[in-house]
Amino acid sequence: MQVGTPAPDELLKVAVEIVRQAADTARRMRAEGVSGIATKSTATDVVTAADRAVEREVVATLRSLRPGDAVLGEEYGDSDVAVSGGPGVVRWILDPIDGTVNYLYGLPHYAVSLAAEVDGQVVAGVVRNAATGDEWTATRGGGAYREGRRLRGSTETDLGQALVATGFGYDAARRTHQAGVLNRLIAHVRDIRRYGAASLDLCMAAEGLVDAYYERGLNLWDHAAGGLIATEAGLRVGGLNGAGPGPDLVIAAPPALFGPLHDHLARCGATDGP
Ligand code: IPD
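Residues numbered from 1 in each chain as written. Predicted model: local features only at pLDDT ≥ 70, side-chain atom pairs only at ≥ 80, totals over all residues. Heavy atoms only, no water.

1. Considerations on unusual backbone geometry
Part 1: Residues other than glycine seldom take positive phi values, yet Glu147 does so here, at roughly 45°.
Part 2: With respect to the helices and strands, the residue Glu147 is situated in the loop between β9 (143–146) and β10 (149–150).
Part 3: Of note in the backbone geometry, Asn241 takes a positive phi value of approximately 50° without being a glycine.
Part 4: With respect to the secondary-structure elements, Asn241 resides in the loop between β14 (236–238) and β15 (250–253).
Part 5: Assessed through its relative accessible area of 67%, Asn241 is described here as exposed. (Helix = DSSP H or I, 4+ residues; strand = E, 2+ residues; numbered from the N terminus. Buried < 20%, exposed > 50% of the residue type's maximum accessible area, 1.4 Å probe, protein only.)

Okay, structure coming up:
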């Protein structure tokens, strides 16, 4: 990190302040009723007025607090030309509402997720369930926390006893392939959970509320903050065959479960589909 680049805990402070405000906006707008619904990649991939309003609010606050930083957001993409920045430039990665379908239905499981990345590495992240106020944070090298409690993930070592969270994309062909993979995996794990917000899945894995998580097709804003939180809780976060976490696959699991889950997913052709 260069001279002038804030330390991860300073970036986390900024992120937490912004995310709390943004989560209040999301919750208030939900209470007033969902509006401005439009679709994106498919007929079931929705965006609401709240997704857009929260992203605009976060970007405006970042602009005033940290004018030289770049921002990548789910709804508006790269909001600045300085995006890739130079060495030491901070890039914020935002999912204004992760779990938009839960938000749409009023299921209290949707989150604002904000990560700070420097030189291609996420160094600070916060995920806040906007409906409940539960909040998870991490800084690179500084550990992962929920309300002051250090997180260490699950101690499960047997995949057959593992509760595994996953998710599905919005595209029908991808969902069909994902269901096929799940169909082959389900006999080898305790059970499966599908909560509908990837950032929260990663935080739940960090906390040990589920033993592991995997999903194909995630975008960076879905896993940037949650991935750091899981990593800092001691989980291994990656893709297949040594790849980093990315659109092909994100697996987050305690070290003892990562190998067996990875190998099952590889056998099931988890990255072979659309
Ligand atoms: C989605 C959620 C969901 C996951 C999808 C994501 P969005 O994000 O995280 O759990 O399965 O892959 O796209 O659209 O609610 O921001």
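Next comes the rest of the write-up.
2. A word on the side chain of Thr5
Part 1: Inspection of the secondary structure puts Thr5 in the segment before α1 (8–32).
Part 2: Reaching out from Thr5, the side chain makes a polar contact with the backbone oxygen of Gly88 at a distance of 2.9 Å.
Part 3: Once residues lying within four places of it in the same chain are set aside, the contact partners of Thr5 are Gly88, Val90 and Val118. (Polar contact = N/O pair within 3.5 Å; in protein donor to acceptor, adjacent residues only side chain to side chain. Contact = heavy atoms within 4.5 Å.)

3. Structural notes on the packing of helix α5 (residues 198–207) against helix α6 (residues 220–232)
Part 1: One can describe the packing of α5 onto α6 by two numbers: an axis separation of 8 Å at closest approach and a directional angle of 5°. One way to sum up the angle between α5 and α6 is to call them roughly parallel. On α6, the residues that touch Ala198, Ser199, Leu202, Cys203 and Ala206 of α5 are Asp222, His223, Gly226, Gly227, Ile229 and Ala230.
Part 2: Across the contact of α5 with α6, the residue classes tally to 6 nonpolar, 4 polar and 1 charged. (Axes fitted to C-alpha atoms, helices over the stretch in contact; angles between N-to-C directions. Parallel < 35°, antiparallel > 145°, perpendicular 65-115°, else oblique. Nonpolar A, V, L, I, M, F, W, Y, C, P; charged D, E, K, R; others polar.)

4. Details of the packing of α1 against helix α2 (residues 49–65)
Part 1: Where α1 meets α2, the closest approach of the two axes is 10 Å, and the angle between their N-to-C directions is 155°. Our classification of the angle between α1 and α2 gives roughly antiparallel. Along this stretch, α1 crosses α2, giving a crossing that reads as right-handed. For the pair α1 and α2, the contacting residues are Val14, Ile18, Gln21, Ala22, Thr25, Ala26 and Met29 in the first and Ala49, Ala50, Ala53, Val54, Glu57, Val58, Thr61, Leu62 and Leu65 in the second.
Part 2: For the contact of α1 with α2, the class distribution of residues is 12 nonpolar, 3 polar and 1 charged. (Left-handed = near helix turned anticlockwise from the far one by under 90°.)

5. So, α2
Part 1: Under the 1.5 Å per step criterion, the end-to-end length of α2 is 24 Å for 17 residues, consistent within 8% with the ideal 24 Å.
Part 2: Buried within α2 are the following residues: Ala49, Ala50, Asp51, Ala53, Val54, Glu55, Val58, Val59, Thr61 and Leu62. (Expected span 1.5 Å × (residues − 1).)

6. A short note on the site of the ligand
Part 1: Around the ligand, the surrounding shell holds 16 residues, and the nearest of these are Asp98, Gly99, Thr100, Tyr170 and Glu215.
Part 2: Here an oxygen atom of the ligand and a backbone polar atom of Phe168 are 3.2 Å apart.
Part 3: Between the ligand and the protein, one listed contact pairs an oxygen atom with a side-chain N or O atom of Glu215 at 2.5 Å.
Part 4: Residue contributions to the shell around the ligand peak at 3 residues, all from strand β5 (residues 90–98). (Near = heavy atom within 4 Å.)

7. What to know about a nonpolar patch on the surface
Part 1: Together, Val101, Tyr105, Leu107 and Tyr170 line one region of the surface with nonpolar side chains, adding up to about 400 Å² of accessible area.
Part 2: Among the structural elements, Tyr170 can be located in the loop between β11 (163–166) and α4 (172–185).
Part 3: For Tyr170, a relative accessible area of 31% corresponds to the partly exposed category. (Patch = residues over 30% accessible without salt bridge, like charges linked within 9 Å, V, L, I, M, F, W, Y side chains within 5 Å. Areas by Shrake-Rupley, 256 points an atom, 1.4 Å probe, with all protein chains shown as cover. Salt bridge = Lys/Arg side-chain N within 4 Å of Asp/Glu carboxyl O.)

8. Concerning the domain arrangement of the chain
Often, the extent of an interface is quoted as the loss of accessible area on bringing the components together.
Part 1: In terms of domains, the chain is made up of domain 1 (8–143) and domain 2 (159–267).
Part 2: The distance between the C-alpha centroids of domain 1 and domain 2 comes to 21 Å.
Part 3: With 37 residues of domain 1 at the contact, the number on the domain 2 side is 20 residues.
Part 4: Counting each side, the surface lost to burial between domain 1 and domain 2 is near 2100 Å², with a carbon and sulfur contribution of 68%.
Part 5: By the criterion of area lost to domain 2, the three top residues of domain 1 are Asp98, His109 and Trp136, representing 27% of everything that side buries.
Part 6: At the boundary of domain 1 and domain 2, one finds 0 salt bridges.
Part 7: Across the domain 1-domain 2 interface, the total number found is 8 residue pairs in polar contact (both at pLDDT 80 or more).
Part 8: When contributions to the side of domain 1 that touches domain 2 are tallied by element, the ones reaching two or more residues are β3 (70–73), β5, α3 (100–105), β6 (111–118), β7 (121–129) and β8 (135–139).
Part 9: The element best represented in the side of domain 1 that touches domain 2 is β7, accounting for 7 residues. (Domains from an automatic or database assignment. Buried area = accessible area lost by both parts, 1.4 Å probe.)

9. Considering the side chain of Asp51
Part 1: Looking at where Asp51 falls in the secondary structure, it is placed in helix α2.
Part 2: A polar atom in the side chain of Asp51 sits 2.7 Å from the side chain of Thr48.
Part 3: Side-chain polar atoms of Asp51 contact the side chain of Thr100, separated by 3.2 Å.

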